[in-house]
Amino acid sequence: MAKSDVSELDTALYHRPESLEDYPFHFCPGCGHGIVFRLIAEVVNELNLKERAVCVASVGCSVNSYHYFNFDGLESAHGRAPAVATAIKRCHPHLIPFTYQGDGDLAAIGTAEIVHACARGENITTIFVNNAIYGMTGGQMAPTTLVGMYSTSTPDGRKPALSGYPIRVCEMLSTLEGPAYVARVSVHNPAAVRKTKQAIKLAFRTQLAGLGISLVEVLSPCPTNWKVEPVKALEWLVEHLLPQYPLGEYKVIEAVAVLRKEAGRA
Amino acid sequence: MSSKTLMAGNIAIAEGAILAGCQAYFGYPITPQNEILEHMSKRMPEEGRVFVQTESELAAINMVYGAAAAGCRVMTSTSSPGFSLEQEGISYMSGAELPGVIVNVMRGGPGLGNIGGAQGDYFQSIKGGGHGDYRVINLAPASVQEMMDLTMLAFELADKYRNPVVVLPDGFLGQAMEPVVMREPVTELPGKPWAITGALGRPKNIINSFEMEPANFRPRVELLLQKFEKIRRNEVRYEGINLDDASLVIVAYGSASRSALTAMRVARQEGLPVGLLRPITLFPFPYEALSNLAQRVDNFLVAELSSGQFIEDVRLAVGLDKRVELVNQYGGVPLSAEEILDAIEKMVKQPVGR
Amino acid sequence: MVVAQRISSAYIIIDAERCKGCCLCISVCPKEIIGLASHINEKGYLPAVVLEEKAHDCTGCTACAMMCPDTAISVYRHNRVPIELVA
C-alpha cells in the first residue's frame, strides 16, 4: 500500500516525528543512531521545544546531526560539545541545548569536557551513544571497546596489558555532585527503545526544570564495524554489551524522581 | 584634561572588554595573565554577564565558540602554552565565521619556558597556528592605554568580519601599570540574525565548518579568502615616528617598540636621523607602508623579543636588497634601549660595503 | 455469494526508498507479516515489504516502527469497522 492509499479516516498510530527533517540518514543499515535521533525528535515534539532546542553536534557518525532536525543546531570540535553547550546555555538560559556524542567523542578526547560539565552541574542534556567502537573512522578501538573485542586497532582482540580496560561512563559520572539524572538504556528491542525514549524525555524535562546536567547513555549496535549483520548485532549487544554496561538509572536526584512520577501520571 | 586611572595592562584588557560589551568570558589560569581571569571573575557577575573558569584552554576556546555561535560578544585570555591549545578552536571559529576575542599575553618559550614577557608566538599567531586556510586579525598593543583600546577594537573587528581576533601583548605589558583614559562603553551591539537563539519565528540556523564534498566546501573557503583580502585592504594600522627625514628606521611592535622609542630619542639627540615604524596590526601586516619607506630608506633595524620571526615579514616588505639588521632578545629576557642604541651606532659606523 | 476477507484492524506503510533492508522490522514483528522485496531500491538495498498473504494479521503494535533505524515505517489503524459479509 502506498502512502496515497491512506484514507484520512484512518488514525496514524506511528509516523515520522515532525521535528525530523525529510533528510535521509547517512548511517549504515541497522545502525542504532537512526533510532536515537528519531526518539529525540519525538521528545522535542512532545515537549513542544522546536523554538528552544539546540542540537550541539559532535564529531563521529552523528556529525551531520543538525541536518536531521528542524531546529537550531551547530557543530563542535571533537570532544568539546559539552563546553559548547555550556556556553550556549549560560548565554541563553531559555534555550534547551543537548549534546549528541559517541563513545570516542565523549569518553576518549572529550572526557575532561564531560567530567567538568558534570562537576559544574551545567543545566544541559547529553545523549551519549555507546557502540563500543569508532564508527566514522572505520572501526578502531574505542574507550568502551570490550576486553578481547576485535577492532581494526586491536586486530587480535583488545588486550588490557596493551590497551587498558573499557570505561563505564554512567558509573563514573554518577559519583559527581552536578548530575541530576544519569541513566543507561539500550535499543536492542522495541521495549528497550521505549525505555530509551522515556529516559531521553526525563532528561529533557530535567533540563527544563533547571535541575542540573542530565546524561543518557544509549547502548547501540554498529553492524558494519562489529562485522555482524544487523539482526545478529542486536543479539551480540545483548550477549556482550549488557553484562559490561548494565542498564539502569545511576543517578536520580529527588527532584527528578518527582518529575518522573508526574510523567508516569501524565 | 580627561581623568586618567593608573591601571595594570591586564586590568585594562578586562575593563576594555567590559566597556566593549563583552557578554561572556571563559578563561583558565596561566601566568602572566591571571589578573584578567581574576578581575573578570569579580566584574562579569557584577555586570550580570557570563563568567566560567574552565578545565583547560581547550574548553575555554570551545566555550568562546559556543557563546559566539549564540550571538554574544565573547572573550578568552591566555598565555603562550594555553594559546597553543586554542589553535584548533580558533581554526573552527574562522571556518564557521564566528566572532570572538582571544588575548595572548605572550611569555618566554618554547615549552614551559617561563613567565617573562616575549614575542615568540609571532609565527603561530600571525601565520595561523591552527589547521587550514584561515587568517586571524592580530592587534599588538604597546601601552596600557592600547591594551584597553585595542581590546575594544578587537570586538568591533571580530563582529565586522565575523572572524576571531587576537590581541597580542606580552607579559611585560600585562604587568606594567600606566595611566589610562577610561573609554565610553559601547551601547549599540550589531544584530546577529545568523546566531543560535532558538528557531522562533524563523527557519533553523545551522553553524558549522563541515562539508564532506570538497567541491561544495571550496566555495566556502573562497568566501573566507575574500574576507581576508578585504581585511588586508581596510584594516592595516601602524604608527610612524620621525620617518620623514630618517635614513635608518627601527621596526618594532609591542613592548620592544617601547625600548626602541627610547633608543631612537637618544640617537636623535646624538644627531642620528633615526625613525620608528611600529605595526599595530600584525595581520594585516603593513607591507605597503614599509615598501614605500624602502624607496627612500636603505637601513632597517628590527627589534623583537623573538629569534628572528618578525624580521621575516619586514624583509618581505622592504626587499632583499635593503640592509635589515636584527637586535633581539628571547626566552623571556627583556630588550633594553641600550642594546638597540648600540645596534644603531654599529649600523651607522659600519656602512655595508657595496 | 460474496465472502469478504477479514480486514485487519491496522496496517503499515514502508517507504521503500528510505529503507536500507536491515531486517530489524522483520525480526521484531510478532505476526511476521514483513519480508524483503525481490528487487532493489534506488540505493541498491532490498527494501522490506508487507507480505500480501499476511497483511491482515497486522495489529498495529508499532514494534516495527520502533526498531526502524531510518523511520521508514508508518503505522495506521483502520477506522472503518471491518464487516463480515456472509452470503
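Conventions we followed
Residues numbered from 1 in each chain as written. Chains lettered and ligands numbered in written order. Predicted model: local features only at pLDDT ≥ 70, side-chain atom pairs only at ≥ 80, totals over all residues. Heavy atoms only, no water. Contact = heavy atoms within 4.5 Å. Buried area = accessible area lost by both parts, 1.4 Å probe. Salt bridge = Lys/Arg side-chain N within 4 Å of Asp/Glu carboxyl O. Helix = DSSP H or I, 4+ residues; strand = E, 2+ residues; numbered from the N terminus. Phe/Tyr/Trp six-rings, centres within 6.5 Å; stacked < 30°, edge-to-face > 60°. Lys NZ or Arg CZ within 6 Å of the ring centre and 35° of its normal. Pairing = 2+ DSSP bridges. Right-handed = clockwise from strand over helix to strand, strands pointing away.

**Some thoughts on the interface of chain A and chain C**
Item 1. Across the contact, 36 residues belong to chain A and 30 residues belong to chain C.
Item 2. Carbon and sulfur atoms supply 62% of the area that chain A and chain C bury against each other, a total of about 2,800 Å² over both sides.
Item 3. At the junction of chain A with chain C, the criterion picks out 1 salt bridge.
Item 4. As a salt-bridge pair, Arg18(C) and Asp22(A) come within 3.9 Å of each other at their nearest N and O atoms.
Item 5. Breaking the side of chain A that touches chain C down by element, the ones donating at least two residues are β1 (11–14), α1 (33–46), α8 (190–208) and α10 (230–244) of chain A.

**With respect to the packing of aromatic side chains**
Item 1. Within the structure shown, the criterion is met by 22 aromatic pairs over all chains.
Item 2. Summarising the aromatic geometry, the rings of Phe69(A) and Phe71(A) are spaced 4.7 Å apart at their centres and angled 15 degrees between planes, so their arrangement reads as stacked.
Item 3. Ring geometry for Tyr122(B) versus Tyr253(B): centroids 6.0 Å apart, planes at 45 degrees, classification tilted. With a gap of 131 residues between them, Tyr122(B) in helix α6 (residues 122–126) and Tyr253(B) in the loop between β11 (248–251) and α10 (254–269) connect regions that are remote in the sequence.
Item 4. Taken together, the aromatic side chains of Tyr23(A), Phe25(A), Phe27(A), Phe37(A), Tyr68(A), Phe69(A), Phe71(A), Phe98(A), Tyr100(A) and Phe204(A) make up a single cluster linked through ring pairs.
Item 5. Above the plane of the ring of Trp194(B) lies Arg162(B), whose end atom (NZ or CZ) is 4.1 Å from the centre.
Item 6. The ring of Phe25(A) carries Arg18(C) above its face, with NZ or CZ at 5.1 Å from the centroid.

**As for the pairing of strand β3 (residues 50–53) of chain B**
Residue and element names in this part refer to chain B.
Item 1. As paired strands, strand β2 (residues 24–27) and β3 are joined by 4 bridges and run parallel to one another. Among the inter-strand pairings, phenylalanine 26 is bridged to a residue of β3, identified as valine 52.
Item 2. Note on the crossover from β2 through helix α2 (residues 34–46) to β3: the handedness is right-handed.

Read these as spatial facts, not as claims about activity.
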